[in-house]
Amino acid sequence: MTLKALIFDVDGTMADTEEAHRRAFNIAFIEHQLDWVWDRPLYARLLEVSGGKERIVSYIDSLSLAAEDKTRLYQRVPAIHGDKIRVYADLVSSGKVSLRPGVARLLNEARAAGVRLAVASTTTRDSVDALIVATLGEEALAWFSVIVCGDQVPNKKPAPDIYLLALSALGEGAERCVAFEDSANGLKAARAAGLFTVVTPTRWTASHDFSEAQAVLGSLDELRRPPAAFSAAVPDAFRHRMVELAHLLDAGAGRSPATASTGRPC
């Protein structure tokens, strides 16, 4: 079958945004006169929870506080998260975040070939738009036929809801599309939706279990030097070359997920 669309996660996949998100959370906490500090090890653990508001709630859950104190904090979550989004957008707009290697190239290659682009992200639409505009220009928002975000579905990743919504909006079957992810929750969501999935982990997610991915790569460009931990998971079609549309087809995309390159049933 013909490859019809590429569906991208955003945070960690299109860009390694998590440090900017972490900084934005900490600045928002200061603005709200909270003595919370999310250092890198703590934030790495919190990334196992999909969604910014959900991360704050999970953190409050972990605090040794009386029930009534936690209730008051839960009520403040929307305001805290709203300010965090504002701070993050300012960081991105100031050039603090860049696209990961190969992302812009693959987006442009897809556009030239008539392959549609989509976003399926648990972050907010404002955060998605801020990143796309800052890294690719305002006109790039029109490159994406579909942009779906976490607040549009009842269940966030690892549930497949967001990918199912993206496929429905595209009007395409999973066998005609490829998903790009960086985390275990994202991979589970994409695979549960029946999608051929390429994973490019970051330092935040390198320890996750990616055994169900069709390919696990250092980046979309630097395939001559994949991390040793991932090298066994690189299909022959991806070895020694960057990810291109033709290679996605060589590796099994565009065929039934049941016959993808791993040989594992979905």
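Throughout what follows, the structure given in this document is the object of discussion. (Residues numbered from 1 in each chain as written. Predicted model: local features only at pLDDT ≥ 70, side-chain atom pairs only at ≥ 80, totals over all residues. Heavy atoms only, no water.)

Points about the pairing of strand β2 (residues 116-121)
- Taken across its six residues, β2 has five buried, putting it largely inside the fold.
- Pairing analysis gives four bridges linking strand β1 (residues 5-8) to β2, with the strands arranged parallel. Pairing of alanine 5 across the sheet is with arginine 116, part of β2.
- In this sheet, strand β3 (residues 144-149) lies alongside β2 in parallel orientation, the contact comprising five bridges. (Buried < 20%, exposed > 50% of the residue type's maximum accessible area, 1.4 Å probe, protein only. Helix = DSSP H or I, 4+ residues; strand = E, 2+ residues; numbered from the N terminus. Pairing = 2+ DSSP bridges.)

Points about the packing of helix α1 (residues 18-31) against helix α4 (residues 67-93)
- At a closest axis distance of 8 Å, the pairing of α1 and α4 adopts a crossing angle of 130 degrees. Judged on the interaxial angle alone, α4 and α1 are oblique. Seen along the crossing, α1 lies across α4 with a hand that is right-handed. Within the contact between the two elements, α1 uses Ala20, His21, Arg23, Ala24, Phe25, Ile27, Ala28, Phe29 and Glu31 and α4 uses Ile80, His81, Asp83, Lys84, Arg86, Val87, Tyr88 and Leu91.
- Its residues assigned to classes, the contact of α1 with α4 comprises ten nonpolar, two polar and five charged. (Axes fitted to C-alpha atoms, helices over the stretch in contact; angles between N-to-C directions. Parallel < 35°, antiparallel > 145°, perpendicular 65-115°, else oblique. Left-handed = near helix turned anticlockwise from the far one by under 90°. Contact = heavy atoms within 4.5 Å. Nonpolar A, V, L, I, M, F, W, Y, C, P; charged D, E, K, R; others polar.)

Considerations on the packing of aromatic side chains
- In total, this model carries ten aromatic pairs according to the counting rule given.
- Measuring from centroid to centroid gives 5.5 Å for tryptophan 38 and tyrosine 59, while their planes differ by 70 degrees, and the two rings are edge-to-face. Highlighted residues: tryptophan 38 in the loop between α1 and α2 (40-46) and tyrosine 59 in helix α3 (residues 52-62), separated in sequence by 21 residues.
- Take tryptophan 38: its relative accessible area is 0%, and that puts it in the buried class.
- Taking the relative accessible area as the measure of exposure, tyrosine 59 reaches 11% and is therefore buried.
- Among the aromatic side chains, those forming a connected cluster through ring pairs are Phe25, Phe29, Trp36, Trp38, Tyr43, Tyr59 and Trp204.
- Residue placement shows lysine 84 over the ring face of phenylalanine 25; its charged tip is 4.7 Å from the ring centre.
- Positioned over the ring face of tyrosine 88 is lysine 84, at 5.2 Å from the centre of the ring. (Phe/Tyr/Trp six-rings, centres within 6.5 Å; stacked < 30°, edge-to-face > 60°. Lys NZ or Arg CZ within 6 Å of the ring centre and 35° of its normal.)

So, the sheet that holds strand β5 (residues 196-199)
- Pairing is parallel in the open sheet, where six strands are placed in the order β3-β2-β1-β4-β5-β6. The two strands at the open ends of the sheet, each matched to only one other strand, are β3 and β6 (215-216).
- The pairing of β5 with β6 spans two bridges and is classified as parallel. In the strand pairing of β6, valine 198 is matched with alanine 215.
- Where helix α5 (residues 103-113) meets the sheet, its contacts fall on β1, β2, β3 and β4 (177-181), and the angle it forms with β1 comes to roughly 155 degrees.
- Along the sheet face, helix α7 (residues 161-170) touches β1, β2, β3 and β4 and points at about 150 degrees away from the line of β3.

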